[in-house]
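Per-entry structural report
Here is how the chains run, residue by residue.
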Amino acid sequence: MTEPHRDWDDAYRQDTLPPWSIGAPQPELAALIEQGRVRSEVLDAGCGHAELSLALAAQGYRVVGLDLSPTAVAAAAAAAAERGLASATFAQADITDFGGYDDRFNTVMDSGCLHTLPVERRQAYVEAVHRAAAPGAALYILAFAERPFGHDAPGPNGFTADELRDTIATRFTVDDVRPATLYGKDIPLPDGGAATTNVKRTADGLMMMPGFLLSAHKDPNADIVC
């Protein structure tokens, strides 16, 4: 969601998991892992409950998950310990302004983080992620399309394909932007109905929302931005 003053940690303190915590990596990103398009060390940008990080670690990748929510980070670390996944580590950080990882990651993956940021913080995110990426690193961003729940419905603004490309192209070379699907759980209403009715659903009830998968890379000869 694009609410600049939202308490994101509150979403992870509730008894009910947030809609984007589906208990598995987003299928579009899981497919990249299966295709061999991920190289360690991996940054999971805005990791949340970090099912992407955990899936990567289970396959032998070294991964760092960063998230603004200390509650989400604690839950992710506990899950990694419970599953014996020592190659996944987590830290609380503002993904638009973090340090200590310069030139480190060969792959950066964003599972629906960028579209939650206020528009005025998007370029700060790009700069921070670019600084953390190693020369030649791959960047994959899964983001909502423009107004995925409808123009009159609450929720994130998302991107057009050109907006997403132009946002990332300020620092990375964009290789591809293609239509993609994001999955999420609905938020039940007190009467038991569904809060969002104008989206498609899977057979087991997950919402299917339109988006884009952007693939990009950092120039192999790029200087680290200080």
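Residues numbered from 1 in each chain as written. Predicted model: local features only at pLDDT ≥ 70, side-chain atom pairs only at ≥ 80, totals over all residues. Heavy atoms only, no water.

**Digging into the overall build of the protein chain**
Looking only at helices and strands, the protein chain has six helices and eight strands in total. Along the protein chain, helices and strands appear, N-terminal first, in the series α-α-β-α-β-α-β-β-α-β-α-β-β-β. A burial count over the protein chain gives 49% of its 226 residues as buried. Taking as baseline every contact in the protein chain between residues at least 6 positions apart, the subset at least 24 positions apart corresponds to 72%. With an accessible surface of roughly 10,500 Å², the protein chain has 50% of that area assigned to carbon and sulfur atoms. (Helix = DSSP H or I, 4+ residues; strand = E, 2+ residues; numbered from the N terminus. Buried < 20%, exposed > 50% of the residue type's maximum accessible area, 1.4 Å probe, protein only. Contact = heavy atoms within 4.5 Å. Areas by Shrake-Rupley, 256 points an atom, 1.4 Å probe, with all protein chains shown as cover.)

**Describing the pattern of salt bridges**
Scanning all chains against the criterion turns up seven salt bridges. Measuring nitrogen to oxygen at the nearest pair gives 3.4 Å for the salt bridge that ties Arg62 to Glu41. With a gap of 21 residues between them, Arg62 in the loop between α3 (51-58) and β2 (63-67) and Glu41 in the loop between α2 (27-34) and β1 (42-45) connect regions that are remote in the sequence. The exposure class assigned to Glu41 is buried, which follows from its relative accessible area of 11%. Note that Asp102 is salt-bridged to Arg131, the shortest N-O span being 3.9 Å. Within this pair, whereas Asp102 is found in the loop between β3 (88-92) and β4 (105-111), its partner Arg131 is found in helix α5 (residues 122-132), the two being separated by 29 residues in sequence. (Salt bridge = Lys/Arg side-chain N within 4 Å of Asp/Glu carboxyl O.)

**Brief notes about the packing of aromatic side chains**
Taken as a whole, this structure holds three aromatic pairs when the rule is applied. Seen in terms of ring centroids, Tyr101 and Phe105 are 5.7 Å apart; in terms of plane orientation they differ by 35°. Their pairing is tilted. Summarising the burial analysis for this pair, Tyr101 and Phe105 share the class buried. An aromatic cluster is defined as three or more aromatic residues linked by ring pairs; in this entry it consists of Phe98, Tyr101 and Phe105. (Phe/Tyr/Trp six-rings, centres within 6.5 Å; stacked < 30°, edge-to-face > 60°.)

**What to know about a negative patch on the surface**
The grouping of Glu146, Asp162, Glu163 and Asp166 at the surface amounts to a negative patch. Among the secondary structure elements, Asp166 is positioned in helix α6 (residues 161-168). Of the residues examined, Asp166 reaches a relative accessible area of 52% and is grouped as exposed. (Patch = residues over 30% accessible without salt bridge, like charges linked within 9 Å, V, L, I, M, F, W, Y side chains within 5 Å. Lys, Arg positive; Asp, Glu negative; His and termini not counted. Charge placed at Lys NZ, Arg CZ, Asp CG, Glu CD.)

**Things to note about the side chain of Lys218**
Within the secondary structure, Lys218 is located in the segment after β8 (207-217). Among the polar contacts listed, one links the side chain of Lys218 to the backbone oxygen of Ala133, at a separation of 2.6 Å. Residues in contact with Lys218, not counting those within four places in the same chain, are Asp103, His130, Arg131, Ala133, Ala134, Pro135, Gly136, Ala137 and Phe172. (Polar contact = N/O pair within 3.5 Å; in protein donor to acceptor, adjacent residues only side chain to side chain.)

**Section: helix α4 (residues 70-82)**
Between its first and last C-alpha atoms α4 spans 18 Å; for 13 residues at 1.5 Å apiece the expected length is 18 Å, and the two agree. What α4 keeps buried is the set Ala72, Val73, Ala76, Ala79 and Ala80. Within α4, the buried residues cover an arc of 125° as seen down the axis, which keeps them to one side. For α4, the exposed residues lying more than 90 degrees away from the buried face are Ala81 and Glu82. Elements in contact with the buried residues of α4: α1 (8-13), α3, β2 and β3. Backbone geometry just after α4 places Gly84 at a positive phi near 70°. (Expected span 1.5 Å × (residues − 1). Arc of directions from axis to C-beta.)

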